[in-house]
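# Understanding the architecture of this molecule
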Amino acid sequence: MSFKDHILSSFIALENEVDTSSYVHELRNQAIGEFEKLGVPQRKEEAYKYTSLKALFNKDYCLFPKKETAISYSDIKKYLVHQIDSYRVIFIDGIYSSHLSQTTHDKFDVCLMSSALSNPKYSNVIKEFYNKLAVKDGLVSLNTAFAKEGAYIHIGKNIIVEKPIEIVYFSTGNEAQLMTQPRNLVVVGENSQVQIIERHQSLNDNAVLTNSVSEIFAAKRALVDWYKIQNDRLSASLIDHTFAEQKDNSEVRIHTFSFGGKITRNNLNFYQRGEHCNSVLNGVTILEGKQHVDHSTLVHHTAPNCESFQEYKQIFDERAVGVFNGKVLVDKIAQKINAYQQNNNILISDTATINAKPQLEIFADDVRCSHGCTIGQLDEDAMFYMQARGIPKKEARALLMFAFANSVLETVKIPEIKTRITKLIAMKLGVEIGFDM
Amino acid sequence: MLKIKDLQANIEGKEILKGINLEVNAGEVHAIMGPNGSGKSTLANVIAGREEYEVTGGEISLDGEDIEDLDPEERAHRGVFLSFQYPVEIPGVSVTNFMKTAINETRKAQGKDDMAAKDMLKMIREKSEMLEIDRKFLSRSLNEGFSGGEKKRNEIFQMAMLEPKLAILDETDSGLDIDALRIVANGVNKLKNKDNATIVITHYQRLLDYIVPDFVHVLYKGKIVKSGGKELAQELEKRGYDWIKEEVEA
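Residues numbered from 1 in each chain as written. Chains lettered and ligands numbered in written order. Predicted model: local features only at pLDDT ≥ 70, side-chain atom pairs only at ≥ 80, totals over all residues.

With that out of the way, let us pick up the overall build of chain A. Helix and strand counts for chain A stand at nine helices and 20 strands. The globule rule puts the C-alpha radius of gyration for 437 residues at 22 Å, and the 21 Å found for chain A is close to it. Overall, the C-alpha framework of chain A stretches about 70 × 50 × 45 Å when taken along its three principal axes. Taking all 437 residues of chain A together, 50% fall into the buried category. Sequence separation of 24 or more characterises 83% of the internal contacts of chain A that already satisfy a separation of 6 or more. (Helix = DSSP H or I, 4+ residues; strand = E, 2+ residues; numbered from the N terminus. Rg over C-alpha atoms; globule rule 2.2 N^0.38 Å. Buried ≥ 20, exposed ≤ 12 C-beta atoms within 10 Å, placed from the backbone. Contact = placed C-beta atoms within 7 Å.)

Structure follows, in structure tokens:
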């Protein structure tokens, strides 16, 4: 059976267990129709020119795994950044785990999507925001058609959420091949602030494909700081679609740290719909073997006097492949914006590849848009300089790479994350030293 | 301490050093002078172990051990220090962190534990005072945006921190004004003792007014063509290099 047929017949199975009269089910119906039309993106489409999904979509994935209860806190503890002091929404094989999670309804809602979708209490928020940013795309529609679970975060006005919220999706490998469709909705009210850590992690080497959609709404003067930690096993692939809508004076920052996984595609789409917004998209990528990471970003400036800042630092070794497809779209009305895009790459081996494609479409005439892309090797002079001071080659290399990635690391505001990322990088580079830079 | 016998070296197939003989003992200061392009910097880089230079013949030994097959860091661990003519800018790495890493990696190679943080701080304070280096400077990225003089002073600061057995100063005077020159030379003189040695590579005699050499060697076309005491440097200052060239070519 083709992947598409498998999906279409699975949808009929899904309809047997969900409330088909609900508002959300209408959306599901539309979405499955769109998926049927659009299918899985192909390489002939410009947006997927450098990333083939073919090898991922030729498997018969299990879409409805059984509920897993045997996973205990000690199995997952090491993947959590904040072991004590955080809100946690934890999913095992796509299913919410209440005993591992730490949710709240005190002052604001940090809970699970399934209850938000079914409980009438939330229906106004769902109707106002759910699926409002998701674009017409085969995989986004696929997610909308099947999504039942994810994190639902709704922060009202004037609230600073003191503790970070961790959203972690674990897969157990109980199924030989599992596909999940996580769906997160984050609505942040005026003057409110929230920090989010998102991670997808498999617990063994069975194949997992995650097709995730997150929608973020930042009201006036809201601040959203979101960390994506991608360090999964080589058996796991992730296709992420994250959409952010920003109103006046809001700031949304998404930091993506990509070290693991087989194929990872990050689609980040920002829509600035108010003046004086700031959007930050940055990341560090370190890959080896045959890993593949694709960062496809879009910042759509639809209002004047805004800023956007993109900075991706990437290091590729062996046969690893990277794609940076960064698009900045400036509408005619969006005067006086400042859009910055920087993409620096180091290729360690002769067989590593980076496909970099900055795209700027500017229809306004009084703007500042700058972009830069570099591809290089490690600086030989710097290597010799450090070695001549007694720093061995491997450590010297690591120190240079840390220095290279440092401008992005410096934007990490949660100290535990910074430490965690620094350790992950050190591990990745095979050095013991953590440079406290 | 350092023995160089009939050393020949190429870069990209071009022969630069054509048979160098040099012996440096503990407690001595040697100056290597010579016109531009004579191979002075190549000699410094070859002793420090730069891979781009290919040693095609001869021997380099330090305290009786052949070092020509050692990596640059292994030579550093044995006490070789090169003060760079053009110190490299390394954005994102602070001077302090760089020094900490260098010292602790050297200690690790010597089988010692990391230096205690408070000892490190004390040492940094002492040595930076000796070289009249502003403390703020130490948290800046290594050499990034430093003036020529600051870079050279920072090289000697690193030398003071690492306390090498053999220090090679490659054109340390270039880019220094007279005050900076005095500070740098003072630093070098204070670090001098009976157990270490210094090779000063310079085009001009000026630096040698402050760091007084025991021996002066003239390098020309990849060979040491003349050696003498400190008076040789003064003669070169007066007469230039042409007479040496004429002597060699005669």
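Moving on, we come to the packing of helix α4 (residues 117-130) of chain B against helix α5 (residues 148-162) of chain B. Geometry of a packed helix pair, given as the angle between the helix axes and the separation of the axes. Residues and elements named next belong to chain B. It is at 9 Å that the axes of α4 and α5 come closest, and there the two elements cross at 135 degrees. Classified by the angle their axes make, α4 and α5 are oblique. The crossing of α4 and α5 is right-handed. Counting all contacts with α4, which are made through Met123, Lys127, Ser128 and Met130, the residues of α5 involved are Phe157, Ala160 and Met161. In terms of residue class, the contact of α4 with α5 is made up of five nonpolar, one polar and one charged. (Axes fitted to C-alpha atoms, helices over the stretch in contact; angles between N-to-C directions. Parallel < 35°, antiparallel > 145°, perpendicular 65-115°, else oblique. Left-handed = near helix turned anticlockwise from the far one by under 90°. Nonpolar A, V, L, I, M, F, W, Y, C, P; charged D, E, K, R; others polar.)

Each side of the interface is counted separately: chain B has 21 residues, and chain A has 19 residues. Those elements that provide at least two residues to the side of chain B that touches chain A are α2 (72-77), β7 (90-94) and α3 (95-109) of chain B. Considered class by class, the residues forming the side of chain B that touches chain A number ten nonpolar, seven polar and four charged.

Before going further, it helps to examine the UniProt feature "domain: ABC transporter" (unreviewed entry) in chain B. Under the local residue numbering, the UniProt record ascribes the feature "domain: ABC transporter" (unreviewed entry) to residues 2-246 of chain B. Here residues 2-246 of chain B runs as 36% helix and 29% strand, with 30 Å between its end C-alpha atoms. (UniProt positions renumbered as here; feature names shortened; annotations may be inferred.)

Residue and element names in this part refer to chain B. With respect to topology, four strands assemble into an open sheet ordered β2-β1-β4-β5, the strand pairing being antiparallel. Two strands close off the open sheet at either side, each with one partner strand: β2 (14-24) and β5 (65-66). As judged from the eight bridges shared by strand β1 (residues 2-11) and β2, these two strands associate in the antiparallel manner. By the bridge assignment, Gln8 is partnered in β2 with Lys18. (Pairing = 2+ DSSP bridges.)

What follows covers the environment of Thr242 of chain A. Residue and element names in this part refer to chain A. For Thr242, the position within the fold is in strand β11 (residues 236-246). C-beta crowding within 10 Å serves as the criterion here: with 25 such atoms nearby, Thr242 is assigned to the buried category. For the pair formed by Thr242 and Ile362, sequence separation is 120 residues and the distance between their alpha carbons is 23 Å.

Moving on: the sheet that holds strand β3 (residues 29-33) of chain B. All names here are of chain B. Taken in spatial order, the six strands make up an open sheet running β6-β9-β10-β3-β11-β12, and their pairing is mixed. Here the strands that pair on one side only, and so sit at the sheet edges, are β6 (80-83) and β12 (223-228). Neighbour-to-neighbour, the strand axes of this sheet turn through a mean angle of 20 degrees, independent of strand direction. Here β6 runs beside strand β9 (residues 166-170); their pairing, made up of four bridges, is parallel. Note on β9: the bridge partner recorded for Val80 is Leu166.

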